[in-house]
Amino acid sequence: MSCWPISSTASATFAEAGIVNRASIPRSLRACITVITVIVTSIFGVIVALVIARDRFPGRALMSALVDLPLAVSPVIVGLMAVVLFGLGGWFEPWFTSQGIRILFALPSMVLVTIFICIPFVIREVVPVLQEVGITEEEAARTLGASSLQTFFRVTLKNIRWGLLYGIALTTARSIGEIGAVLIVSGQITGQTETATLYVLRAFDQFQDDPGFVVALTLALVSVVLLVLIETFKRRQERMQRT
(Lines give C-alpha, C1' and ligand atoms only; values in the text may rest on other atoms or scores of the structure.)
Protein backbone atom coordinates (compact mmCIF):
# COMPACT_ATOMS: atom_id res chain seq x y z
CA MET A 1 0.00 0.00 0.00
CA SER A 2 2.78 2.45 0.90
CA CYS A 3 4.63 1.70 -2.36
CA TRP A 4 1.95 3.33 -4.51
CA PRO A 5 2.32 6.96 -3.28
CA ILE A 6 6.10 6.59 -3.23
CA SER A 7 6.21 5.22 -6.77
CA SER A 8 3.84 7.96 -7.94
CA THR A 9 6.05 10.59 -6.36
CA ALA A 10 9.13 9.02 -7.93
CA SER A 11 7.54 9.04 -11.37
CA ALA A 12 6.60 12.70 -11.06
CA THR A 13 9.98 13.57 -9.60
CA PHE A 14 12.09 12.17 -12.40
CA ALA A 15 9.69 12.86 -15.23
CA GLU A 16 12.00 15.56 -16.54
CA ALA A 17 15.80 15.33 -16.76
CA GLY A 18 17.92 17.56 -14.65
CA ILE A 19 15.39 18.59 -12.04
CA VAL A 20 17.57 17.38 -9.19
CA ASN A 21 20.22 19.91 -10.16
CA ARG A 22 17.67 22.71 -10.11
CA ALA A 23 16.27 21.82 -6.71
CA SER A 24 17.63 23.69 -3.76
CA ILE A 25 17.13 21.22 -0.90
CA PRO A 26 17.40 22.59 2.66
CA ARG A 27 19.03 19.70 4.50
CA SER A 28 21.14 20.98 7.37
CA LEU A 29 18.37 22.56 9.48
CA ARG A 30 16.09 19.53 9.35
CA ALA A 31 19.05 17.21 10.02
CA CYS A 32 20.03 19.29 13.05
CA ILE A 33 16.48 19.23 14.44
CA THR A 34 16.17 15.49 13.83
CA VAL A 35 19.49 14.63 15.50
CA ILE A 36 18.71 16.70 18.60
CA THR A 37 15.20 15.27 18.78
CA VAL A 38 16.39 11.66 18.49
CA ILE A 39 19.04 12.10 21.20
CA VAL A 40 16.71 13.84 23.67
CA THR A 41 13.69 11.58 23.13
CA SER A 42 15.84 8.44 23.28
CA ILE A 43 17.39 9.30 26.64
CA PHE A 44 14.18 10.71 28.09
CA GLY A 45 12.10 7.90 26.59
CA VAL A 46 14.20 5.11 28.10
CA ILE A 47 14.11 6.76 31.53
CA VAL A 48 10.33 7.23 31.44
CA ALA A 49 9.82 3.69 30.08
CA LEU A 50 11.86 2.25 32.97
CA VAL A 51 9.79 4.23 35.48
CA ILE A 52 6.48 3.12 33.96
CA ALA A 53 7.49 -0.54 33.53
CA ARG A 54 9.45 -1.08 36.73
CA ASP A 55 8.02 1.22 39.39
CA ARG A 56 4.66 1.23 41.15
CA PHE A 57 3.55 4.60 42.51
CA PRO A 58 0.42 6.77 42.79
CA GLY A 59 -0.23 8.53 39.50
CA ARG A 60 1.51 5.90 37.38
CA ALA A 61 -1.59 5.47 35.20
CA LEU A 62 -1.84 9.24 34.76
CA MET A 63 1.83 9.42 33.79
CA SER A 64 1.31 6.66 31.23
CA ALA A 65 -1.69 8.51 29.80
CA LEU A 66 0.22 11.80 29.59
CA VAL A 67 2.84 10.07 27.43
CA ASP A 68 0.21 9.80 24.68
CA LEU A 69 -0.80 13.47 24.93
CA PRO A 70 1.34 14.56 21.95
CA LEU A 71 -0.48 11.99 19.81
CA ALA A 72 -3.87 13.36 20.83
CA VAL A 73 -3.09 17.06 20.37
CA SER A 74 -2.90 18.63 16.93
CA PRO A 75 0.63 19.79 16.01
CA VAL A 76 -0.84 23.20 15.20
CA ILE A 77 -2.06 23.47 18.80
CA VAL A 78 1.43 22.53 19.99
CA GLY A 79 2.84 25.36 17.90
CA LEU A 80 0.29 27.84 19.23
CA MET A 81 1.11 26.83 22.81
CA ALA A 82 4.78 27.52 22.10
CA VAL A 83 3.78 30.99 20.86
CA VAL A 84 1.81 31.56 24.08
CA LEU A 85 4.81 30.53 26.17
CA PHE A 86 7.67 32.13 24.24
CA GLY A 87 6.05 34.70 21.93
CA LEU A 88 5.74 38.44 22.45
CA GLY A 89 4.10 38.90 25.85
CA GLY A 90 4.35 35.17 26.56
CA TRP A 91 4.96 33.64 29.96
CA PHE A 92 8.70 33.07 29.50
CA GLU A 93 9.43 35.69 26.85
CA PRO A 94 10.62 38.48 29.21
CA TRP A 95 13.26 36.27 30.85
CA PHE A 96 14.65 34.89 27.60
CA THR A 97 14.67 38.37 26.08
CA SER A 98 16.63 39.72 29.04
CA GLN A 99 19.16 36.93 28.53
CA GLY A 100 19.46 37.72 24.83
CA ILE A 101 18.06 34.30 23.85
CA ARG A 102 15.69 34.12 20.91
CA ILE A 103 13.27 31.19 21.11
CA LEU A 104 10.41 31.89 18.72
CA PHE A 105 11.12 32.03 14.98
CA ALA A 106 14.47 30.38 15.61
CA LEU A 107 15.95 26.91 16.02
CA PRO A 108 15.16 26.46 19.76
CA SER A 109 11.38 26.68 19.31
CA MET A 110 11.51 24.33 16.30
CA VAL A 111 13.46 21.78 18.31
CA LEU A 112 11.17 22.09 21.35
CA VAL A 113 7.92 21.47 19.47
CA THR A 114 9.46 18.58 17.51
CA ILE A 115 10.71 16.94 20.71
CA PHE A 116 7.28 17.29 22.33
CA ILE A 117 5.54 15.71 19.35
CA CYS A 118 8.04 12.82 19.16
CA ILE A 119 8.14 11.95 22.88
CA PRO A 120 5.74 8.94 22.79
CA PHE A 121 7.48 6.80 20.17
CA VAL A 122 10.49 5.49 22.10
CA ILE A 123 8.46 5.10 25.29
CA ARG A 124 5.67 3.12 23.63
CA GLU A 125 8.15 0.81 21.90
CA VAL A 126 10.32 0.17 24.97
CA VAL A 127 7.69 -0.27 27.71
CA PRO A 128 6.17 -3.51 26.31
CA VAL A 129 9.67 -4.99 25.87
CA LEU A 130 10.58 -4.20 29.47
CA GLN A 131 7.34 -5.73 30.71
CA GLU A 132 7.92 -8.87 28.64
CA VAL A 133 11.53 -9.54 29.67
CA GLY A 134 10.85 -8.89 33.34
CA ILE A 135 13.51 -8.20 35.95
CA THR A 136 15.01 -11.67 36.45
CA GLU A 137 18.18 -11.01 34.47
CA GLU A 138 18.68 -7.60 36.07
CA GLU A 139 18.34 -9.06 39.57
CA ALA A 140 20.81 -11.82 38.68
CA ALA A 141 23.32 -9.21 37.47
CA ARG A 142 23.01 -7.26 40.70
CA THR A 143 23.40 -10.45 42.71
CA LEU A 144 26.69 -11.09 40.91
CA GLY A 145 27.93 -7.65 41.95
CA ALA A 146 27.08 -5.50 38.94
CA SER A 147 26.35 -1.86 39.62
CA SER A 148 23.19 -0.15 38.41
CA LEU A 149 25.00 1.33 35.40
CA GLN A 150 26.63 -1.99 34.53
CA THR A 151 23.28 -3.73 34.79
CA PHE A 152 21.66 -1.17 32.53
CA PHE A 153 24.29 -1.19 29.79
CA ARG A 154 25.04 -4.93 29.84
CA VAL A 155 21.57 -6.35 30.51
CA THR A 156 18.70 -3.88 30.19
CA LEU A 157 19.93 -2.02 27.13
CA LYS A 158 20.73 -5.28 25.36
CA ASN A 159 17.19 -6.56 25.98
CA ILE A 160 15.46 -3.38 24.79
CA ARG A 161 17.76 -2.56 21.87
CA TRP A 162 15.31 -3.50 19.11
CA GLY A 163 12.40 -1.73 20.73
CA LEU A 164 14.65 1.30 21.20
CA LEU A 165 15.79 1.19 17.57
CA TYR A 166 12.19 0.97 16.34
CA GLY A 167 11.32 3.94 18.54
CA ILE A 168 14.28 5.88 17.16
CA ALA A 169 13.21 5.02 13.60
CA LEU A 170 9.66 6.22 14.23
CA THR A 171 10.99 9.35 15.93
CA THR A 172 13.26 10.06 12.98
CA ALA A 173 10.46 9.59 10.47
CA ARG A 174 8.07 11.79 12.47
CA SER A 175 10.69 14.46 13.01
CA ILE A 176 11.59 14.54 9.32
CA GLY A 177 7.96 14.91 8.29
CA GLU A 178 6.78 17.35 10.96
CA ILE A 179 5.25 20.50 9.51
CA GLY A 180 2.25 21.77 11.53
CA ALA A 181 3.94 22.90 14.75
CA VAL A 182 7.17 23.88 13.00
CA LEU A 183 5.23 26.04 10.55
CA ILE A 184 3.75 28.01 13.44
CA VAL A 185 6.94 28.61 15.42
CA SER A 186 9.47 28.97 12.60
CA GLY A 187 7.97 31.88 10.70
CA GLN A 188 9.06 30.02 7.54
CA ILE A 189 11.95 32.41 6.94
CA THR A 190 13.59 31.32 3.70
CA GLY A 191 17.21 30.34 4.21
CA GLN A 192 16.97 30.59 8.01
CA THR A 193 14.08 28.66 9.54
CA GLU A 194 12.78 26.80 6.51
CA THR A 195 12.99 23.03 6.93
CA ALA A 196 12.69 20.50 4.13
CA THR A 197 8.97 19.97 4.75
CA LEU A 198 8.35 23.71 4.78
CA TYR A 199 10.33 23.93 1.56
CA VAL A 200 7.99 21.37 -0.02
CA LEU A 201 4.98 23.43 1.11
CA ARG A 202 6.44 26.62 -0.34
CA ALA A 203 7.47 24.90 -3.56
CA PHE A 204 3.94 23.71 -4.27
CA ASP A 205 2.43 27.05 -3.23
CA GLN A 206 4.68 28.72 -5.81
CA PHE A 207 3.94 26.04 -8.43
CA GLN A 208 7.53 24.75 -8.33
CA ASP A 209 6.41 21.16 -8.50
CA ASP A 210 9.65 19.52 -9.64
CA PRO A 211 11.87 20.67 -6.73
CA GLY A 212 9.01 19.89 -4.34
CA PHE A 213 8.79 16.34 -5.65
CA VAL A 214 12.55 15.89 -5.22
CA VAL A 215 12.49 16.85 -1.56
CA ALA A 216 9.28 14.92 -0.84
CA LEU A 217 10.71 11.75 -2.37
CA THR A 218 13.97 12.17 -0.46
CA LEU A 219 12.14 12.50 2.87
CA ALA A 220 9.97 9.47 2.11
CA LEU A 221 12.93 7.32 1.09
CA VAL A 222 14.92 8.19 4.22
CA SER A 223 12.09 7.02 6.49
CA VAL A 224 11.38 3.84 4.49
CA VAL A 225 15.03 2.85 4.15
CA LEU A 226 15.63 3.36 7.88
CA LEU A 227 12.74 1.07 8.84
CA VAL A 228 13.75 -1.57 6.29
CA LEU A 229 17.37 -1.60 7.51
CA ILE A 230 16.34 -2.05 11.14
CA GLU A 231 13.96 -4.88 10.26
CA THR A 232 16.62 -6.55 8.11
CA PHE A 233 19.27 -6.41 10.83
CA LYS A 234 16.80 -7.72 13.40
CA ARG A 235 15.81 -10.71 11.28
CA ARG A 236 19.46 -11.47 10.46
CA GLN A 237 20.40 -11.48 14.13
CA GLU A 238 17.43 -13.70 14.98
CA ARG A 239 18.57 -16.22 12.35
CA MET A 240 22.12 -16.14 13.71
CA GLN A 241 20.84 -16.78 17.24
CA ARG A 242 18.77 -19.77 16.06
CA THR A 243 21.78 -21.29 14.34
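Bear in mind that the values here come from a model prediction, so they are computed numbers and not experimental data.

Caption draft 1: Highlighting a nonpolar patch on the surface. Together, V76, I77, L80, M81, V84, W91 and F92 give the surface a local cluster of nonpolar side chains, amounting to about 680 Å² of exposed area. Mapped onto the elements, W91 comes out in the loop between α6 (75–86) and α7 (93–98). For W91, a relative accessible area of 66% gives the class exposed.

Caption draft 2: Up close: the layout of surface pockets. Space inside the largest pocket adds up to approximately 290 Å³. V46, I47, L50, F152 and T156 are the residues nearest the centre of the largest pocket, which is lined by 15 residues in total. Those elements that place two or more of their residues in the lining of the largest pocket are α3 (28–54), α9 (136–143) and α10 (148–177).

Caption draft 3: Highlighting the nonpolar core. One finds V113, I123 and V126 to be the most contacted residues of the largest nonpolar core, which totals 32 residues. Mapped onto this core, the elements with two or more residues apiece are α3, α6, α8 (107–133), α10 and α11 (180–186). Counting residues per element, this core draws most heavily on α8, at eleven residues.

Caption draft 4: Up close: the packing of α6 against α8. At a closest axis distance of 10 Å, the pairing of α6 and α8 adopts a crossing angle of 135°. With respect to α8, the element α6 is oriented oblique. The crossing of α6 and α8 is right-handed. For the pair α6 and α8, contact is made by P75, V78, A82 and F86 and by L112, V113, F116 and I117, respectively.

Caption draft 5: Focus on the side chain of R30. You can see R30 is positioned in helix α3. This buried residue, R30, is left without a salt bridge; E178 holds the nearest opposite charge, at 6.9 Å. Here the side chain of R30 touches E178 through a polar contact of 3.3 Å, landing on its backbone oxygen. Excluding anything up to four places from it in sequence, R30 contacts T114, S175, I176, E178, V182, T195, A196 and T197.

Caption draft 6: Quick peek at the packing of aromatic side chains. Counted according to the given criterion, the structure contains five aromatic pairs. Ring geometry for F86 against F92: centres 5.8 Å apart, planes inclined by 35°, an arrangement best described as tilted. On the basis of relative accessibility, which here comes to 17%, the residue F86 falls in the buried class. Three or more aromatic residues joined by ring pairs make a cluster, and in this case those are F86, F92, W95 and F96.

Caption draft 7: Quick peek at α10. The terminal C-alpha atoms of α10 lie 37 Å apart, and with 30 residues this falls more than 12% below the ideal 44 Å at 1.5 Å per residue. Along its length, α10 shows its largest kink, about 55°, at R161.

Caption draft 8: Spatial organisation of unusual backbone geometry. With phi around 60°, F105 is a residue other than glycine that occupies positive phi space. Mapped onto the elements of the fold, F105 is located in the loop between α7 and α8. At Q188, a position not held by glycine, the phi torsion is positive, near 50°. With respect to the secondary-structure elements, Q188 resides in the loop between α11 and α12 (196–205).

About the cut-offs
Residues numbered from 1 in each chain as written. Predicted model: local features only at pLDDT ≥ 70, side-chain atom pairs only at ≥ 80, totals over all residues. Heavy atoms only, no water. Patch = residues over 30% accessible without salt bridge, like charges linked within 9 Å, V, L, I, M, F, W, Y side chains within 5 Å. Areas by Shrake-Rupley, 256 points an atom, 1.4 Å probe, with all protein chains shown as cover. Salt bridge = Lys/Arg side-chain N within 4 Å of Asp/Glu carboxyl O. Helix = DSSP H or I, 4+ residues; strand = E, 2+ residues; numbered from the N terminus. Buried < 20%, exposed > 50% of the residue type's maximum accessible area, 1.4 Å probe, protein only. 1 Å grid on protein atoms, 1.4 Å probe; cavity = no way out; pocket = protein on both sides within 12 Å on 5 of 7 lines; lining within 4 Å. Points joined across faces, edges and corners; volume = space filled by probe spheres on them. Core = buried A, V, L, I, M, F, W, Y, C linked by side-chain atoms within 4.5 Å. Axes fitted to C-alpha atoms, helices over the stretch in contact; angles between N-to-C directions. Parallel < 35°, antiparallel > 145°, perpendicular 65-115°, else oblique. Left-handed = near helix turned anticlockwise from the far one by under 90°. Contact = heavy atoms within 4.5 Å. Lys, Arg positive; Asp, Glu negative; His and termini not counted. Polar contact = N/O pair within 3.5 Å; in protein donor to acceptor, adjacent residues only side chain to side chain. Phe/Tyr/Trp six-rings, centres within 6.5 Å; stacked < 30°, edge-to-face > 60°. Expected span 1.5 Å × (residues − 1). Bend = angle between axes of the 7 residues up to and from the residue.

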